[in-house]
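# Structural overview
The primary structure of each chain is shown beneath.
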Amino acid sequence: MATSNPIFIGITGGSCSGKTTFCSALEKELAPLSPIVFHMDDYYLPPEERPHMTGFADGKDYIDDNSPASFQLDALRQELDDALQSGAAVIILEGLLTLWDEEIFRKLDLRLYVDCPDEERLARRVQRHSGWGQELSEITGRYVNAVRPRFRQYTEPCKWRADLILNGSHPSETAMEMICGQIFRLAKQKGASHE
């Protein structure tokens, strides 16, 4: 599918909220439109170049993986602009700061926030990171002292900027059907056609 006026979708939510899972499911449902998908995690600075922060409660030093200064946002913005000029019918961006960055936010046609309770996100994070060989105390310490404070500072307030808030605990087939129906309608209105 190609169009001169692509539909630009932004998906955000906290760490382990289900945003990447939802993005993958959405990409599959929109396959007839050949969406181009960007993941903000692909634009992290190398760990040694990321800023550090002092732990909220323990005072320890942490690499700050959840701050805007940890991402190559200029490179992401440029590649998104290139994609928006590429003739693609749909562009999807998924990541922690998708609705936070003002320049990106203004260009979005559909803004989605994947919500999930804090304790469930922590449980998922423990399961994921323990599989990477991290100790429970390390995972929970980083979450409480570094991840959650930045979530509350940057990501959570964006919930109220979203067009739709989605259930990250129990993904809804009805919500997916409604979102995809709207996107296909928008694509038709914007003149998407097979190349």
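Higher on the page you've got the structure.
Quick look at the structure, then. (Residues numbered from 1 in each chain as written. Predicted model: local features only at pLDDT ≥ 70, side-chain atom pairs only at ≥ 80, totals over all residues. Heavy atoms only, no water.)

### Focus on the packing of helix 4 (residues 118–130) against helix 5 (residues 136–155)
Helix-helix packing is described using two parameters, namely the angle between the two axes and the distance between the axes. Selection criterion: Note on geometry: axes are lines fitted to C-alpha atoms, helical ones only across the stretch in contact, with angles between N-to-C directions running from 0 to 180 degrees. Helix numbers and strand numbers start at the N terminus; a helix is a DSSP run of H or I with at least 4 residues, a strand a run of E with at least 2. Should an angle lie under 35 degrees it is considered roughly parallel, over 145 roughly antiparallel, and from 65 to 115 roughly perpendicular; all remaining angles are considered oblique. Take the far helix as your reference; a near helix turned counterclockwise from it by less than a right angle gives a left-handed crossing, and one turned clockwise gives a right-handed crossing. Every residue pair with non-hydrogen atoms within 4.5 Å of one another is taken to be in contact. Polar here means any residue outside two lists: the nonpolar Ala, Val, Leu, Ile, Met, Phe, Trp, Tyr, Cys and Pro, and the charged Asp, Glu, Lys and Arg; Gly therefore counts as polar.
Contact pair helix 4 / helix 5: the axes reach a minimum separation of 10 Å and the direction vectors enclose 135 degrees. Of the possible angle classes, the one that applies to helix 4 and helix 5 is oblique. With respect to the hand of their crossing, helix 4 and helix 5 are arranged in right-handed fashion. Every residue of helix 5 that contacts helix 4 at Asp118, Arg121, Leu122, Arg125, Val126, His129 and Ser130 is listed here: Leu136, Ile139, Thr140, Arg142, Tyr143, Val147, Arg148 and Phe151. Within the contact of helix 4 with helix 5, the residues separate by chemical class into 7 nonpolar, 3 polar and 5 charged.

### Let's talk about the pattern of salt bridges
Between side chains of opposite charge, a pair can form as their charged atoms come close. Worth spelling out the cut-off: A carboxyl oxygen of Asp or Glu within 4 Å of a side-chain nitrogen of Lys or Arg is what we treat as a salt bridge. Think of it in three bands: residues with accessible area under 20% of the maximum for their type are buried, residues over 50% are exposed, and the middle band is partly exposed, with areas taken using a 1.4 Å probe on protein chains only.
Per the stated rule, a full pass over the model turns up 13 salt bridges. Residues Asp65 and Arg50 are paired through a salt bridge, measuring 2.7 Å at the closest nitrogen-oxygen approach. Taken together, the residues Asp65 in the loop between strand 4 (61–63) and helix 2 (73–84) and Arg50 in the loop between strand 2 (36–39) and strand 3 (52–54) connect sequence positions 15 residues apart. Note that Lys159 is salt-bridged to Asp115, the shortest N-O span being 3.1 Å. Placement of the pair is Lys159 in the loop between helix 5 and strand 7 (164–167) and Asp115 in strand 6 (residues 110–115), with a sequence separation of 44 residues. Looking at Asp115, the relative accessible area reads 27%, which means it is partly exposed. Each of Asp74, Arg77, Asp81, Asp101, Glu103 and Lys107 takes part in a single network of salt bridges with overlapping partners.

These results come straight from atomic positions and should not be treated as a statement about function.
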